[in-house]
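The residues making up each chain are set out below.
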Amino acid sequence: MKLVHPEIQTVFQFETGHFPALVIENPTFFYRFTDDLCRQYNGESGDAVLSSDDHPVSISGNLELHTNFFPFEINRKNLITKITSRLEKQALSAEFYERSQHLLGDIENLLLDLAFQDDFELEFSKLSMSSLLKTAGIYLKEDDLPLAEKILTYMELMRANALASVFVFVNLRSLLDDETMENFTATCCSHEYNIMLIDNREYNKLSLEKRTVIDSDLCEF
């Protein structure tokens, strides 16, 4: 996959064994570039173009943009919705169908018995595995992990559920030391996660990064 922007000469390529990093020292352009990604992440139009096999793909639904890490939450609506949908399909599979229907029948009988006590007549048009799973309030257990490990767990879940192909982190290096970043990026590359780091100042270069710098005068090198 590739990411390009009309005001940047570099083509950011997501390759096995490396990851792109962009340092933008000009505050105005830093805001404009990240705001463009943010708007597209939220489904609006913009200038940056993400492509796969040289064919443009929507940033929304393919690229995850992370600018806020306080706190970094794994339980996000799109992920929980996807997991709930998978559980529903499993409940209707041959392995679990009989148990699922038996459970729904027990719940319906319980409601009918409760209603009988007050002489009600009830129908249950919305009683299904989907409604039951939603009522259960499903969420992922979040252990008290360090930030880098929590992000790695989140990326694995997002990829396993086909919810993102690229993960972009803005100013993550201001929160993690060099050793942690080395381990984090090495793990990302070994697991073939497509990541990109965007920072507003230079840090020590990491061993697997391909860095582009846009300085305060908008010179690119």
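Quick caveat, the model's predicted, so the values are computed rather than measured.

Side note on the pattern of salt bridges
Phase 1: Applying the stated criterion across every chain, the model contains ten salt bridges.
Phase 2: The partner of Arg159 in a salt bridge is Glu156, with the nearest N and O atoms 3.6 Å apart. Taken together, the positions of Arg159 and Glu156, both in helix 5 (residues 147-160) and three residues apart, correspond to about one turn of that helix.
Phase 3: Judged by relative accessible area, which is 34%, Glu156 ranks as partly exposed.
Phase 4: Linking Arg173 and Glu209 is a salt bridge whose minimum nitrogen-to-oxygen distance equals 3.7 Å. Remark: Glu209 occurs in strand 9 (residues 209-214) and Arg173 occurs in the loop between strand 7 (166-170) and helix 6 (178-190); sequence separation between them is 36 residues.

Concerning the side chain of Lys150
Phase 1: For Lys150, the location among the structural elements is in helix 5.
Phase 2: Setting aside residues up to four positions removed in sequence, Lys150 forms contacts with Phe72, Ile74, Glu142, Asp143 and Leu145.

What about the packing of helix 5 against helix 6?
Phase 1: Helix 6 packs onto helix 5 with a crossing angle of 15 degrees between their chain directions and a minimal axis gap of 10 Å. The angle between helix 5 and helix 6 falls in the class roughly parallel. As helix 5 packs across helix 6, the resulting crossing turns out to be right-handed. Along the contact surface, helix 5 presents Ala148, Ile151, Leu152 and Met155, while helix 6 presents Thr180, Phe184, Thr187 and Cys188.
Phase 2: Residue composition of the contact of helix 5 with helix 6, by class: six nonpolar, two polar and no charged.

Quick notes on the packing of aromatic side chains
Phase 1: One pass over the full model with this rule turns up four aromatic pairs.
Phase 2: Judged by centre distance (6.0 Å) and plane angle (75 degrees), the rings of Phe169 and Phe184 are edge-to-face. With Phe169 in strand 7 and Phe184 in helix 6, this residue pair connects regions lying 15 residues apart in the sequence.
Phase 3: A relative accessible area of 2% places Phe184 in the buried class.

Structural notes on helix 6
Helical geometry note: an α-helix holds 3.6 residues per turn, so side chains three or four residues apart project in the same direction.
Phase 1: Along its 13 residues, helix 6 runs 18 Å from first to last C-alpha, staying within 8% of the 18 Å computed at 1.5 Å per residue.
Phase 2: What helix 6 keeps buried is the set Met181, Phe184, Thr185, Cys188 and Cys189. Seen end-on, helix 6 carries its buried residues on one side only, within an arc spanning 130 degrees. Pointing more than 90 degrees away from the buried face of helix 6 are the exposed residues Glu179 and Ser190.
Phase 3: Residues of helix 6 that are buried sit in contact with strand 3 (19-24), helix 5, strand 7 and strand 8 (194-199).
Phase 4: Downstream of helix 6 by one or two residues, Glu192 has phi in the positive range, about 60 degrees.

Each value, and the rule that gives it
- Residues numbered from 1 in each chain as written.
- Predicted model: local features only at pLDDT ≥ 70, side-chain atom pairs only at ≥ 80, totals over all residues.
- Heavy atoms only, no water.
- Salt bridge = Lys/Arg side-chain N within 4 Å of Asp/Glu carboxyl O.
- Helix = DSSP H or I, 4+ residues; strand = E, 2+ residues; numbered from the N terminus.
- Buried < 20%, exposed > 50% of the residue type's maximum accessible area, 1.4 Å probe, protein only.
- Contact = heavy atoms within 4.5 Å.
- Axes fitted to C-alpha atoms, helices over the stretch in contact; angles between N-to-C directions.
- Parallel < 35°, antiparallel > 145°, perpendicular 65-115°, else oblique.
- Left-handed = near helix turned anticlockwise from the far one by under 90°.
- Nonpolar A, V, L, I, M, F, W, Y, C, P; charged D, E, K, R; others polar.
- Phe/Tyr/Trp six-rings, centres within 6.5 Å; stacked < 30°, edge-to-face > 60°.
- Expected span 1.5 Å × (residues − 1).
- Arc of directions from axis to C-beta.

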